Amino acid sequence: KGYDESPKLVLDADTINFGKVRIGSPASTYIVNIVSTSPNILTAQNVDLTTTAPNGTYTAIDGVTKTPIAGPVNLVPRMLYPINIAFKPQSIGTFTAKLKASGGDVKNDSASVYFTGVGAALMPQLSSQTLDFGSLFAGYPSSRSFTLKDSGNWPLNVFSVITSGANATVFTLRNIPSQFNPLEY
């Protein structure tokens, strides 16, 4: 035989960390298996995914029927029964969920897998939406400044800085970090 036989079902993981998943990107997925090493047919009466995360953040799909997971789940002898867990956040934050198999032939009457994932997004913010130069005499320059920061939890990468608009040629960008490539129109 070469393997242990058990008259009880177990889950093949206890905790899964999805890490950061960017909002709007495809779901991050993981397969959790209900494991049977028994020579007999075993049953998990209930299989439920619970979470306080917004609806649709976590989903659990039965890997055999391709429908939302539910019980009872019957396992033929020596079977791995897949459950596809998907994490697709719709807002910034840390979200948790729990997959629980219980009743029937589940070891200790209950087995759980705990999930954690972080919804991530960049959130660029300018210190000012408008720079008012007021009235100026021709040939007398004036300076105004602004800052750009990221208040999100995903890296903000700036590849260029552009001045645009009807009078773009009368403005000069100064003190631009060297990794940016300012363009003037």
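Up top you'll find the structure we're talking about.
Please read all numbers here as calculations on a predicted model, not as lab measurements. (Residues numbered from 1 in each chain as written. Predicted model: local features only at pLDDT ≥ 70, side-chain atom pairs only at ≥ 80, totals over all residues. Heavy atoms only, no water.)

How should I be thinking about the overall build of the protein in this particular structure?
Helices and strands together make up the secondary structure of the protein, namely zero helices and 14 strands. In the protein, the succession of α and β elements from N to C terminus is β-β-β-β-β-β-β-β-β-β-β-β-β-β. Against the 2.2 N^0.38 benchmark of 16 Å for 185 residues, the protein shows a C-alpha radius of gyration of 27 Å, more extended than a compact globule. With respect to the three principal axes, the spread of C-alpha positions in the protein is 90 × 30 × 25 Å. Counting every position in the protein, which comprises 185 residues, the buried fraction comes to 28%. Taking all contacts inside the protein whose residues are at least 6 apart in sequence as the whole, residues at least 24 apart take part in 68%. Charge separation in the protein, taken as the distance between the mean sites of 13 positive and 11 negative side-chain charges, equals 5 Å. (Helix = DSSP H or I, 4+ residues; strand = E, 2+ residues; numbered from the N terminus. Rg over C-alpha atoms; globule rule 2.2 N^0.38 Å. Buried < 20%, exposed > 50% of the residue type's maximum accessible area, 1.4 Å probe, protein only. Contact = heavy atoms within 4.5 Å. Lys, Arg positive; Asp, Glu negative; His and termini not counted. Charge placed at Lys NZ, Arg CZ, Asp CG, Glu CD.)

What is the right way to read the pairing of strand S6 (residues 58–62) from this model?
Successive side chains on a regular strand alternate, one facing one side of the sheet and the next facing the other. A one-sided burial pattern is seen for S6, the buried positions being Tyr58, Ala60 and Asp62 and the unburied ones Thr59 and Ile61. Both S6 and strand S8 (residues 80–87) contribute to a ladder of five bridges, which runs antiparallel. Among the inter-strand pairings, Ala60 is bridged to a residue of S8, identified as Ile85. (Pairing = 2+ DSSP bridges.)

What should I look at first to understand the packing of aromatic side chains in this one?
Here the distance between the centres and the angle between the planes together describe a pair of aromatic rings. If you walk through the whole model with that rule in mind, you get seven aromatic pairs. Each residue in the set Phe18, Tyr58, Phe87 and Phe115 is aromatic and connected to the rest through ring pairs, giving one cluster. (Phe/Tyr/Trp six-rings, centres within 6.5 Å; stacked < 30°, edge-to-face > 60°.)

Honestly, the pattern of salt bridges in this entry has me stumped. Any pointers?
Between side chains of opposite charge, a pair can form as their charged atoms come close. Inspection of every chain in the model, using the stated rule, returns one salt bridge. Where Arg78 meets Glu5, a salt bridge forms, and the shortest distance between an N and an O atom there is 2.8 Å. With Arg78 in the loop between strand S7 (73–75) and S8 and Glu5 in the segment before strand S1 (10–11), this pair connects stretches of sequence that are 73 residues apart. Accessibility expressed as a relative area gives 34% for Glu5, which makes it partly exposed. (Salt bridge = Lys/Arg side-chain N within 4 Å of Asp/Glu carboxyl O.)

I would appreciate a short explanation of the sheet that holds S6 in the present structure.
Across a sheet, strands are paired by hydrogen bonds formed along the backbone, either parallel or antiparallel in direction. The antiparallel open sheet is built from four strands, whose spatial order is S1-S3-S8-S6. Across the chains shown, the open sheet's two edge strands, defined by having one partner strand only, are S1 and S6.

Help me understand the pairing of strand S9 (residues 93–102), please; the structure alone is not making it clear to me.
Inspection of the sheet shows strand S5 (residues 46–51) paired to S9 by six bridges, in the antiparallel sense. By the bridge assignment for S9, Thr50 is matched with Lys98. Judged from the 10 bridges that link them, S9 and strand S10 (residues 110–120) form a sheet pairing that is antiparallel. When the bridges of S10 are listed, Ala101 appears paired with Ala111.

Explain a nonpolar patch on the surface here, please?
On the surface, a cluster of nonpolar side chains totalling about 330 Å² of accessible area is made up of Leu126, Leu131, Phe146 and Leu148. As for its position among the elements, Phe146 is in the loop between strand S11 (124–126) and strand S12 (148–150). Given the relative accessible area of 42%, Phe146 is considered partly exposed. (Patch = residues over 30% accessible without salt bridge, like charges linked within 9 Å, V, L, I, M, F, W, Y side chains within 5 Å. Areas by Shrake-Rupley, 256 points an atom, 1.4 Å probe, with all protein chains shown as cover.)

Sorry if this is basic, but what is going on with the environment of Ser6 here?
Considering the arrangement of structural elements, one finds Ser6 in the segment before S1. The exposure class assigned to Ser6 is partly exposed, which follows from its relative accessible area of 27%. For the pair formed by Ser6 and Thr37, sequence separation is 31 residues and the distance between their alpha carbons is 5.6 Å. Setting aside residues up to four positions removed in sequence, Ser6 forms contacts with Thr37, Ser38 and Leu42. Looking at Ser6, its side chain comes within polar contact range of the main-chain nitrogen of Lys8, at 3.1 Å. (Polar contact = N/O pair within 3.5 Å; in protein donor to acceptor, adjacent residues only side chain to side chain.)

Looking at this structure, I do not really get the nonpolar core. What am I missing?
Side chains of nonpolar character tend, in soluble globular proteins, to be buried together. Counting residues in hydrophobic clusters, the biggest one holds 30 residues, and the most contacted among them are Ile34, Val47, Tyr58, Ile85 and Phe115. Among the elements of the structure, strand S2 (15–22), strand S3 (28–35), strand S4 (42–44), S6, S7, S8, S9 and S10 are those that each provide at least two residues to this core. If sequence neighbours within four positions are ignored, Ile34 has contacts with Leu9, Val10, Leu11, Val47, Val73, Leu75, Met79, Leu80, Tyr81 and Ile83. (Core = buried A, V, L, I, M, F, W, Y, C linked by side-chain atoms within 4.5 Å.)

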